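# Geometric and topological summary
Take a look at the letters that make up each chain.
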Amino acid sequence: MKICILSRNPNLYSTSKLVDACKERGHDVEVIDPLLCYMVIASHRPTIHYKGRELDDFDAVIPRIGASITFYGTAVVRQFEMMGVFCVNESVAISRSRDKLRSLQLLARKGVGLPVTGFAHSTKFTGDLISQVGGAPLVVKLLEGTQGVGVVLAETQNAAESVIEAFRGLKQNILVQEFVKEANSCDIRCFVVGERVIAAMMRKGKAGDFRSNLHRGGSVLTVRLTPEERSTAVRAAKIMGLNVAGVDILRSNHGPVVMEVNSSPGLEGIETATEIDVAGKMIQWIEKNCASGTTRTRGKG
Ligand code: ADP
Ligand code: MG
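Everything numeric in this text was worked out from a predicted model, so none of it was measured.

For the rest of this paragraph, the subject is the overall build of the chain. In terms of helices and strands, the chain carries nine helices and 16 strands. Taken against the 2.2 N^0.38 rule, which gives 19 Å for 301 residues, the C-alpha radius of gyration of the chain at 20 Å falls within 12% of a compact globule. Each principal axis of the C-alpha distribution contributes one length, and for the chain these read about 60 × 40 × 35 Å. Summarising the internal contacts of the chain: among those between residues at least 6 apart in sequence, 66% fall at separations of at least 24. As presented, the chain carries roughly 14,300 Å² of accessible surface, and 49% of it is formed by carbon and sulfur atoms. Computed over 38 positive and 31 negative side-chain charges, the separation of the two mean positions in the chain equals 3 Å.

Below, the structure is given as structure tokens:
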């Protein structure tokens with residue numbers, strides 16, 4: 001097969017591991033920077049070009065679209081879909097996963113366990129919104145934050161109100177969420193490929209930080225998933241429409257709750273922690289499932 005990895009940086013651990021996995025399994029592989037792609041949008045013959053050359057012979061695309069380039073990156077993925085090229089994660093699914101509110105609404109609709117979450121545009125009734133999600137302490141999040149930046153624990157009602165006002169003053173969309181204290185600064189990253197959790201790890205926030213993100217200094221522990229956690233992760237990925245996803249779960253008093261679903265989950269942390277060849281498993285899955293013209297949306301929506 002000829003596989004395209006859409007990534008801005010071939011030197012990233014995840015990108016280079018995927019390249020190695022493709023080569024090991026006998027595939028041709030190329031890393032393409034989505035921001036350097038340009039597209040011609042004409043009816044019946046959509047094309048993508050890169051450094052003066054038309055990209056018309058890939059069998060599969062692995063999108064690794066960073067949060068900062070979601071808009072253009074998903075347009076490139078959509079163009080591949082319109083050309084009938086198999087994309088591991090479809091553009092619509094990537095866009096959904098980037099919007100925390102939209103993701104939570106989709107998951108809630110299908111009955112997936114979630115932390116109680118509130119959202120408002122106006123700050124006029126912040127006090128009521130806070131009590132609707134159970135009062136302080138609570139977590140305030142930027143809607144499009146990532147790597148733990150813009151995630152704040154407000155211990156008191158007053159603190160919560162001022163954080164919300166400050167974020168709103170900066171014209172940022174935010175959500176407020178029940179603080180799952182019993183998770184004890186830990187969350188579980190489930191790496192889903194197709195219909196299976198192929199690897200999982202527990203992350204624990206550094207002392208004094210409730211955020212478990214590795215980028216915020218969190219550390220990794222091994223974990224044994226319960227069957228309920230496994231099925232929750234697989235369902236969440238499926239509802240989002242993602243074939244490859246990092247589903248983050250908190251262990252709450254009322255069972256596993258999904259915090260977010262990532263469409264370009266990193267490989268370094270999970271491969272190091274579990275010694276599982278996650279990249280290899282992704283490529284194996286592509287070999288089994290890749291077929292031209294089978295993307296569900298073909299660039300629609
Ligand atoms: P980001 O997209 O920036 O990673 P998250 O929503 O994943 O934002 O939050 C970052 C971290 O903060 C999580 O990994 C988790 O450890 C902690 N956290 C987030 N929301 C809650 C919550 N409602 N209750 C307890 N801990 C939370
Ligand atoms: Mg996170």
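If you check the shell around ligand 1, you find 20 residues, and the closest are Lys100, Lys141, Gly148, Glu178 and Glu260. One of the side-chain nitrogen or oxygen atoms of lysine 141 is found 2.6 Å away from an oxygen atom of ligand 1. Within the contact set of ligand 1, an oxygen atom lies 2.6 Å away from a side-chain nitrogen or oxygen of glutamate 260. Elements represented by at least two residues in the shell around ligand 1 include exactly strand E9 (138-142), strand E11 (174-178) and strand E16 (255-262).

On to the sheet that holds strand E8 (residues 117-119). Read across the sheet, four strands follow the order E8-E11-E9-E10 without closing on themselves; strand pairing throughout is antiparallel. With one partner strand each, in any of the chains shown, E8 and strand E10 (151-154) form the two edges of the open sheet. The mean angle between the axes of side-by-side strands here comes to 25°, regardless of whether they run parallel or antiparallel. Relative to E11, E9 runs antiparallel, the two sharing five bridges. The residue of E11 that forms the bridge with valine 139 is glutamine 177. Helix H4 (residues 100-109) rests against E8, E9 and E11 of the sheet, and its axis sits at about 45° to E11.

With that settled, consider the side chain of threonine 126. Among the structural elements, threonine 126 can be located in helix H5 (residues 126-132). Relative accessible area serves as the criterion here: at 7%, threonine 126 is assigned to the buried category. When neighbours within four sequence positions are excluded, threonine 126 is seen to be in contact with Glu161 and Ile164.

This part is about the sheet that holds strand E7 (residues 86-87). The four strands are arranged E2-E1-E6-E7 in an open sheet whose pairing can be described as parallel. The outermost strands of the open sheet, each flanked by one partner alone, are strand E2 (28-32) and E7.

On to the packing of helix H3 (residues 91-98) against H4, then. At a closest axis distance of 5 Å, the pairing of H3 and H4 adopts a crossing angle of 105°. In this view, H3 runs roughly perpendicular relative to H4, as classed from their interaxial angle. Listed contacts from H4 to Val92, Ser95, Arg96, Ser97 and Arg98 of H3 are Lys100, Arg102, Ser103 and Leu106.

Bringing the environment of valine 244 into the picture now. Checked against the element boundaries, valine 244 lands in strand E15 (residues 244-252). Spatially, the C-alpha atom of valine 244 lies 5.6 Å from that of valine 192, the residues being 52 residues apart in sequence. Excluding residues within four positions of it along the chain, valine 244 makes contact with Val88, Asn89, Phe191, Val192, Val193, Asn262, Ser263, Pro265 and Met282.

Turning to the pairing of strand E3 (residues 37-40), a few remarks are in order. As judged from the four bridges shared by E3 and strand E4 (residues 47-50), these two strands associate in the antiparallel manner. Pairing of cysteine 37 across the sheet is with tyrosine 50, part of E4. In sequence, E3 turns back onto E4 through a hairpin of six residues, with histidine 44 there showing a positive phi of about 75°.

Let's shift gears to the packing of aromatic side chains. To describe a pair of aromatic rings, you give the distance between the ring centres and the angle between the ring planes. Inspection of every chain in the model, using the stated rule, returns two aromatic pairs. Ring centres 6.0 Å apart and planes at 40° place the aromatic pair phenylalanine 86 and tryptophan 285 in the tilted group. Taken together, the residues phenylalanine 86 in strand E7 and tryptophan 285 in helix H9 (residues 278-289) connect sequence positions 199 residues apart. Per residue, the accessibility class of phenylalanine 86 equals that of tryptophan 285, and both read buried. Look at phenylalanine 179 and phenylalanine 210: their rings are 5.8 Å apart centre to centre, the planes differ by 85°, and that puts the pair in the edge-to-face class. Here the residue phenylalanine 179 occupies a position in the loop between E11 and strand E12 (186-193), and phenylalanine 210 occupies one in the loop between strand E13 (196-204) and strand E14 (219-221), the gap between them amounting to 31 residues. For phenylalanine 210, a relative accessible area of 22% puts it in the partly exposed group.

Before going further, it helps to examine the pattern of salt bridges. Under the definition given, this model contains 13 salt bridges. A salt bridge links arginine 8 to aspartate 33; its shortest N-O distance comes to 3.3 Å. Here arginine 8, found in the loop between strand E1 (2-6) and helix H1 (13-24), pairs with aspartate 33, found in the loop between E2 and E3; they are 25 residues apart in sequence, far enough to count as distant. With a closest N to O distance of 3.1 Å, aspartate 248 and arginine 203 form a salt bridge. One end of the pair, aspartate 248, is in strand E15; the other, arginine 203, is in strand E13, with 45 residues separating them in the sequence.

What counts, and at which threshold
Residues numbered from 1 in each chain as written. Chains lettered and ligands numbered in written order. Predicted model: local features only at pLDDT ≥ 70, side-chain atom pairs only at ≥ 80, totals over all residues. Heavy atoms only, no water. Helix = DSSP H or I, 4+ residues; strand = E, 2+ residues; numbered from the N terminus. Rg over C-alpha atoms; globule rule 2.2 N^0.38 Å. Contact = heavy atoms within 4.5 Å. Areas by Shrake-Rupley, 256 points an atom, 1.4 Å probe, with all protein chains shown as cover. Lys, Arg positive; Asp, Glu negative; His and termini not counted. Charge placed at Lys NZ, Arg CZ, Asp CG, Glu CD. Near = heavy atom within 4 Å. Polar contact = N/O pair within 3.5 Å; in protein donor to acceptor, adjacent residues only side chain to side chain. Pairing = 2+ DSSP bridges. Axes fitted to C-alpha atoms, helices over the stretch in contact; angles between N-to-C directions. Buried < 20%, exposed > 50% of the residue type's maximum accessible area, 1.4 Å probe, protein only. Parallel < 35°, antiparallel > 145°, perpendicular 65-115°, else oblique. Phe/Tyr/Trp six-rings, centres within 6.5 Å; stacked < 30°, edge-to-face > 60°. Salt bridge = Lys/Arg side-chain N within 4 Å of Asp/Glu carboxyl O.

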